[in-house]
Amino acid sequence: MSSESHLREKLRKIEALFLGAGTAGERLAAEAALERVRAKLKEIERQDPPVEMQFSLPDQWSRHLFMALCRRYGLKPYRYRRQRRTTLMVRAPRHFVETVLWPEFSDLDNDLRAYLQEVTLKVIREEVYADTSEAAEVPEALPPG
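First, a word on scope: everything that follows refers to the structure included in this document.

1. A short note on the overall build of the protein chain
Helices and strands together make up the secondary structure of the protein chain, namely four helices and two strands. Along the protein chain, helices (α) and strands (β) appear in the sequence α-α-β-α-β-α when read from the amino end. In the protein chain, the share of contacts with a sequence separation of at least 24, taken over all contacts with a separation of at least 6, comes to 66%. Of the roughly 10700 Å² that the protein chain leaves accessible, carbon and sulfur atoms contribute 54%.

Following this line, the structure appears as structure tokens:
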């Protein structure tokens with residue numbers, strides 16, 4: 001695990017601690033730790049400056065997932081005027097995108113697609129028609145009419 005991804009994981013744990021802190025002392029300790037981690041993250045970003053990257057995502061589900069992951073890591077996805085809705089731009093350190101963001105997105109996107117496929121077929125089988133098999137393949141075109 002890279003030092004940046006380790007810091008980001010630590011950041012998430014500290015945020016969870018802060019949100020679940022029961023006493024003022026726990027809250028103050030979590031807040032101080034959170035500030036230390038954010039300072040370290042800024043130092044890493046100085047060593048590996050953010051670059052603008054373009055991503056083309058095939059559907060709304062992938063786009064929503066990618067934007068949520070970006071925002072979770074403190075990145076701000078955007079589009080330029082007249083870009084397609086499937087296009088997203090992000091300014092981030094290249095190493096972070098290649099080692100953390102994109103691999104995590106790919107894994108989650110595959111899981112999300114499998115889940116959506118499963119749910120779709122289940123609803124169709126239960127509410128429309130039980131046979132959800134693929135269409136039959138025929139050897140040649142059928143004559144018209």
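From this point, the discussion proceeds with the structure in view.
2. A few points about the packing of aromatic side chains
Scanning all chains against the criterion turns up six aromatic pairs. Relative to F105, the ring of F66 has its centre 5.3 Å away and its plane inclined at 85°; by these criteria the two rings are edge-to-face. With F66 in helix α3 (residues 60-72) and F105 in helix α4 (residues 94-127), this pair connects stretches of sequence that are 39 residues apart. The exposure classification of F66 matches that of F105, with both residues buried. Between W102 and F105, the aromatic rings sit 4.9 Å apart at their centres with planes inclined by 40°, giving tilted as the arrangement. You can see W102 and its partner F105 sitting in helix α4, three residues apart, about one turn around the helix. F105 sits in the buried class, given a relative accessible area of 4%. Put simply, the rings of F55, F66, W102 and F105 pair up and form one aromatic cluster.

3. Details of α3
Along an α-helix, residues three or four positions apart point the same way, because every turn accommodates 3.6 residues. With 13 residues, α3 should reach 18 Å at 1.5 Å per residue; the first-to-last C-alpha distance of 18 Å fits that figure. Where α3 is buried, its residues contact β1 (50-56), β2 (87-93) and α4. Measuring from the backbone nitrogen of W61 back to the side-chain oxygen at the start of α3 gives 3.0 Å, which picks out D59 as the cap. The positive-phi residue at the C-terminal boundary of α3 is G74, with phi of around 80°.

4. Details of the packing of α3 against α4
Running from amino to carboxyl end, α3 crosses α4 at an angle of 140°, the nearest separation of the two axes being 10 Å. Relative to α4, α3 is oriented so that their crossing is right-handed. Only L101, W102, E104, F105, L108, D109, L112, R113 and L116 of α4 make contact with α3, whose side of the interface consists of W61, S62, L65, F66, L69, C70 and R72. Residues that form the contact of α3 with α4 fall into these classes: eleven nonpolar, one polar and four charged.

Basis of the calculations
- Residues numbered from 1 in each chain as written.
- Predicted model: local features only at pLDDT ≥ 70, side-chain atom pairs only at ≥ 80, totals over all residues.
- Heavy atoms only, no water.
- Helix = DSSP H or I, 4+ residues; strand = E, 2+ residues; numbered from the N terminus.
- Contact = heavy atoms within 4.5 Å.
- Areas by Shrake-Rupley, 256 points an atom, 1.4 Å probe, with all protein chains shown as cover.
- Phe/Tyr/Trp six-rings, centres within 6.5 Å; stacked < 30°, edge-to-face > 60°.
- Buried < 20%, exposed > 50% of the residue type's maximum accessible area, 1.4 Å probe, protein only.
- Expected span 1.5 Å × (residues − 1).
- Polar contact = N/O pair within 3.5 Å; in protein donor to acceptor, adjacent residues only side chain to side chain.
- Axes fitted to C-alpha atoms, helices over the stretch in contact; angles between N-to-C directions.
- Left-handed = near helix turned anticlockwise from the far one by under 90°.
- Nonpolar A, V, L, I, M, F, W, Y, C, P; charged D, E, K, R; others polar.

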